[in-house]
Amino acid sequence: MNASLPALLCFCLLVATAPAREAERPLRLTLTEAIRMAMEKNLAIKVSAYGPDIAQERVRTEGGAFDPELQAGWEHEMTRTALGAEARVGGFSLGLGGFTPLGTTYTLGANTTAFNDYNGYHSSLSAGLTQPLLRGFGTGVNLAGLRIARVNREASEWVFRQQVINVVTQTIYVYNELYAATRRLDAARRTRDAALRLESDERRRAELGVRIGLDVTTARAEAASREEAVLLAEAAIAQNERFLKQLVTGETATLLRTPVVITPPPIPAVGRLDVEQGVRDALNERPDYRQALLELRLRAIEIVVTGNAKLPRLDLSASLNLLGVQQQELGSSFGFFDDGVASPNSWSVGVVFRLPIPNRSARGRYNAAKLQKAQALLDLHRMEQIIIVEVANAATEVETAHKRIATTREALQLANESLSAGGDRLKAGSATPFEVLELQRRLAESEAAVIKAEADYRNALSEYDRRTGMTLLRNGITLSR
């Protein structure tokens, strides 16, 4: 038993450390893979995906208002008189009733009643209906709930589409920012190491009496200050790694332990943007605008319903009873029609008229519905104006960021040349360490500007796609329900 203890401890250690080693495996991503994983695993998308399904069930619920209802019943009654006599009566009924999109309420039924201590019976068939002629008449009012549910289902699909667009756009943003942070970290380390090398060189020169101690102190102070940029870049990488993992995975247990390794995102070559085409795309594809159009449809349905409610109620009702048969004594199983006595058929018809005076409630709801439609239409025009401005501004951001890439790259090249020349002058003794440090700082700023311009350009393109509603198409994403 003691001999197996080390093996047991070793096994427990392996089991305990296996998840940790699995969690430490890097998550290697390209931008395309990150977007694909976000579509498959992002929890916000999964939550939003329930919306259309829930809305579809509400459509089913509203359609169920026109399902016929089957009714069946059985009843037995026993009565004892004061003289001790007993009378037993039983009955069975079967019926079907429902409601139609025209507003018609209908019933069909069959009824059999046994009496005289089950020595006689009465059976009949019946039908009845009530048809509104004014208020409550027609598919416009009676299908309103179903039509509203269908519009809401379509709206929920656009809400889901908006959520997907937001997640994809956010994934692109975070991916770009993570890549920019890694580049900033490399640049900060190079700049810090350059200051440390200069400090080391100046220390040797000071030891030889070529430089004064102040130059060493200046270089050391600059190297210490540049360490802050390294720390900030490392923090930015850690934060954006977490953000990216949150977007592209559904994990919680390994979220903090899994490192992320990404490849450089592509820089798309985009020509001059057609703003007018972008506006047309936005009016066709932007979920918020499509929802505004659906809101206008809801307001139109509400006007139909409230307009119908202003009418007086004029209902036609009719009923018919036929095939009534009575039997006083139980006959054979096939002879009761011979022994029975047919009861006369009966029918009825009537009209009911009702009108609230002065019907202020219905008129108030109708007037409010018209005002709400006018408000929705005006809000739609306002949104169209917003879309035009947003698309134009997004296009300007793309063009400006693209131009910034060229100018910042040129500035970076010149800064590199200036630093190289400054290093030569320092070796020749015609420049001071302070001047070289300043040139290094300018080089770092130029490199940071290039990194930011390239990231801003990629983000601006992504934002332009979001403003025009073309994010999914641009990234090859098809939503199927």
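Everything quoted here is computed from the prediction, not taken from an experiment. (Residues numbered from 1 in each chain as written. Predicted model: local features only at pLDDT ≥ 70, side-chain atom pairs only at ≥ 80, totals over all residues. Heavy atoms only, no water.)

A. Structural view of the overall build of the chain. Looking only at helices and strands, one finds 12 helices and 9 strands in the chain. Long-range contacts, defined here as pairs at least 24 residues apart, represent 77% of the contacts in the chain between residues at least 6 apart. With the model as given, the accessible surface of the chain reaches about 28,400 Å², and the carbon-plus-sulfur share is 58%. (Helix = DSSP H or I, 4+ residues; strand = E, 2+ residues; numbered from the N terminus. Contact = heavy atoms within 4.5 Å. Areas by Shrake-Rupley, 256 points an atom, 1.4 Å probe, with all protein chains shown as cover.)

B. Inspection of helix α3 (residues 43-63) at higher detail. A rise of 1.5 Å per residue sets the reference length of α3, with its 21 residues, at 30 Å; its end C-alpha atoms lie 32 Å apart and thus fit the reference within 8%. Every buried residue of α3 is listed here: Ile 45, Ser 48, Ala 49, Pro 52, Ala 55 and Val 59. The buried residues of α3 occupy an angular sector of 120 degrees when the element is viewed end-on, so they sit on one face. Set apart from the buried face of α3 by more than 90 degrees, the exposed residues are Val 47, Tyr 50, Arg 58, Arg 60 and Thr 61. You can read the cap of α3 off the contacts: a side-chain oxygen lies 3.0 Å from the backbone nitrogen of Ala 44, and it is on Asn 42. (Expected span 1.5 Å × (residues − 1). Buried < 20%, exposed > 50% of the residue type's maximum accessible area, 1.4 Å probe, protein only. Arc of directions from axis to C-beta. Polar contact = N/O pair within 3.5 Å; in protein donor to acceptor, adjacent residues only side chain to side chain.)

C. Molecular detail of the confidence of the model for the chain. Looking at the chain, pLDDT values average 84 and 83% of them are 70 or higher. Low pLDDT (under 50) marks residues 329-338, which in the prediction has 7 contacts with non-local residues, meaning those over four places away or in another chain. (pLDDT = per-residue confidence, 0-100.)

D. Quick look at unusual backbone geometry. The peptide bond linking Ile 357 to Pro 358 adopts the cis configuration, its omega dihedral lying at 0 degrees. Position of Pro 358 among the secondary structure elements: in the loop between β9 (346-354) and α10 (360-428). For Asn 359, which is not glycine, the phi dihedral falls at a positive 65 degrees. With respect to the element layout, Asn 359 can be found in the loop between β9 and α10. On the accessibility criterion, Asn 359 (9% relative accessible area) is buried.

E. Structural detail: the environment of Gly 95. Mapped onto the fold, Gly 95 is located in strand β3 (residues 86-99). Classification of Gly 95 as buried rests on a relative accessible area of 13%. Measuring from C-alpha to C-alpha, the distance between Gly 95 and Ser 126 comes to 9.0 Å, with 31 residues separating the pair along the chain. When sequence neighbours within four positions are dropped, the list of residues in contact with Gly 95 reads Glu 69, Leu 70, Gln 71, Leu 108 and Gly 109.

F. A look at the pattern of salt bridges. Inspection of every chain in the model, using the stated rule, returns 24 salt bridges. Because the salt bridges share partners, they merge into one network encompassing Arg 286, Asp 288, Glu 390, Glu 463, Arg 466 and Arg 467. (Salt bridge = Lys/Arg side-chain N within 4 Å of Asp/Glu carboxyl O.)

G. Representation of helix α2 (residues 31-41). Listed in full, the buried residues belonging to α2 are Leu 31, Ala 34, Ile 35, Met 37 and Ala 38. All buried residues of α2 project into a common sector of 165 degrees when viewed along the axis, lining one side.

H. Local environment of the packing of aromatic side chains. Under the counting rule described, the total for this entry stands at 1 aromatic pair. Between Phe 66 and Phe 99 the ring centres are 5.8 Å apart and the planes differ by 10 degrees, which places this aromatic pair in the stacked class. Pair noted here: Phe 66 is in the loop between α3 and β2 (69-80) and Phe 99 is in strand β3, with a separation of 33 residues, a long-range link. Note on Phe 66: relative accessible area 17%, which makes it buried. Accessibility expressed as a relative area gives 27% for Phe 99, which makes it partly exposed. Here Lys 310 stacks its cationic end above the ring of Tyr 366, 4.1 Å away from the centre of that ring. (Phe/Tyr/Trp six-rings, centres within 6.5 Å; stacked < 30°, edge-to-face > 60°. Lys NZ or Arg CZ within 6 Å of the ring centre and 35° of its normal.)

I. Summary view of the layout of surface pockets. Looking at the largest pocket, its volume works out to about 510 Å³. Forming the walls of the largest pocket are 24 residues, and the residues nearest its centre are Ile 172, Pro 268, Asp 465, Arg 474 and Asn 475. Looking at the lining of the largest pocket, the elements that each hand over two or more residues are α2, α5 (144-207), α11 (433-468) and α12 (471-474). Here the residues of the lining of the largest pocket are counted per class, giving 14 nonpolar, 6 polar and 4 charged. (1 Å grid on protein atoms, 1.4 Å probe; cavity = no way out; pocket = protein on both sides within 12 Å on 5 of 7 lines; lining within 4 Å. Points joined across faces, edges and corners; volume = space filled by probe spheres on them. Nonpolar A, V, L, I, M, F, W, Y, C, P; charged D, E, K, R; others polar.)

J. Quick look at the environment of Thr 100. Position of Thr 100 relative to the elements: it lies in the loop between β3 and β4 (105-115). Spatially, the C-alpha atoms of Thr 100 and Pro 68 are 9.1 Å apart, while their sequence positions differ by 32 residues. Discounting chain neighbours no more than four positions away, the residues touching Thr 100 are Phe 66, Tyr 106 and Asn 142.

K. Here's a closer look at the side chain of Asn 42. Inspection of the secondary structure puts Asn 42 in the loop between α2 and α3. At 3.0 Å, the side chain of Asn 42 and the backbone nitrogen of Ala 44 are in polar contact. Of note is the side chain of Asn 42, whose polar atom sits 3.0 Å from the backbone nitrogen of Ile 45. If near-sequence neighbours (up to four positions away) are discounted, Asn 42 is found in contact with Met 37, Val 167, Gln 246 and Leu 247.

L. Layout of the side chain of Arg 286. Looking at where Arg 286 falls in the secondary structure, it is placed in the loop between α7 (275-285) and α8 (287-309). Overall, Arg 286 belongs to the buried group, its relative accessible area being 6%.

M. The packing of α2 against α3, seen in detail. Taken N-terminus to C-terminus, the directions of α2 and α3 make an angle of 45 degrees; their axes are 6 Å apart at the nearest point. Classified by the angle their axes make, α2 and α3 are oblique. Taking contact as the criterion, the partners of Ala 38, Met 39, Glu 40 and Lys 41 in α2 are, on α3, Leu 43, Ile 45 and Lys 46. In the contact of α2 with α3, the residues fall into 4 nonpolar, no polar and 3 charged. (Axes fitted to C-alpha atoms, helices over the stretch in contact; angles between N-to-C directions. Parallel < 35°, antiparallel > 145°, perpendicular 65-115°, else oblique.)

N. Spatial organisation of a nonpolar patch on the surface. A cluster of nonpolar residues, Leu 70, Trp 74, Phe 92, Leu 94, Leu 96 and Leu 108, forms a patch on the protein surface that exposes about 660 Å² of accessible area. Considering every element that reaches the nonpolar patch, the biggest residue donor is β3, with 3 residues. Along the chain, Leu 96 turns up in strand β3. Its relative accessible area of 34% is what places Leu 96 among the partly exposed residues. (Patch = residues over 30% accessible without salt bridge, like charges linked within 9 Å, V, L, I, M, F, W, Y side chains within 5 Å.)

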